[in-house]
Amino acid sequence: MSTPDIRVEKGHAEPEEVAAITAVLMARAAARPEPSATHRLRAKAGWRRLEREPGFRAPHSWH
């Protein structure tokens, strides 16, 4: 290896500290997010096209 993968920018890190942070970063990168039970697919898009909206909305409506 000609260049290190991790470099300490400021201060001094012992080899054990660099190994510990490397292990944490590798474990975090390899972890897959668990599918949450609250995640559901939307029935319609989260955005709207203004040309498909009706021309008038009542001032007291929530849409």
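For the structure itself, look to the data block above.
Since the model is a prediction, treat every value here as computed from it, not as a measurement. The residue numbers shown here count from 1 along each chain, following its written sequence. Given that this is a predicted model, residues contribute local features only at a pLDDT of at least 70 and side-chain atom pairs are listed and counted only at 80 or more, while totals for whole chains, interfaces and linings are drawn from all residues. Hydrogens and waters are ignored; side-chain quantities use all the structure's heavy atoms.

Can you help me understand the overall build of the protein chain in this one?
Across its full length, the protein chain carries one helix and zero strands. Only protein chains enter the calculation, and the probe is 1.4 Å; a residue is then buried if its accessible area is under 20% of its type maximum, exposed if over 50%, and partly exposed in between. Relative to its 63 residues, the protein chain shows a buried fraction of 0%. Values of accessible area rely on a 1.4 Å probe in the Shrake-Rupley scheme; residue burial ignores everything except the protein chains shown. Total accessible area on the protein chain stands at roughly 7100 Å², and carbon and sulfur atoms take up 58% of it. The way it works is that DSSP assigns letters per residue, a run of H or I at least four long becomes a helix, a run of E at least two long becomes a strand, and they are numbered from the N terminus.

Please clarify how the pattern of salt bridges should be interpreted in this entry.
It is possible for side chains bearing opposite charge to pair when their charged atoms get close. Whenever a carboxyl oxygen of Asp or Glu lies within 4 Å of a side-chain nitrogen of Lys or Arg, that contact is scored as a salt bridge. Under the definition given, this model contains one salt bridge. We note a salt bridge from Glu9 to Arg7, for which the minimum N-O separation is 2.6 Å. Just as Glu9 is exposed, Arg7 falls in that class too.

Help me out: how do you make sense of a nonpolar patch on the surface in this one?
Excluding any residue in a salt bridge, patches collect residues exceeding 30% relative accessible area, merging like charges within 9 Å and nonpolar Val, Leu, Ile, Met, Phe, Trp and Tyr side chains within 5 Å. Taken together, the side chains of Ile6, Ile21, Val24 and Leu25 define a hydrophobic patch exposed on the protein surface, amounting to about 330 Å² of accessible area. Topologically, Ile6 is positioned in the segment before helix H1 (15-30).

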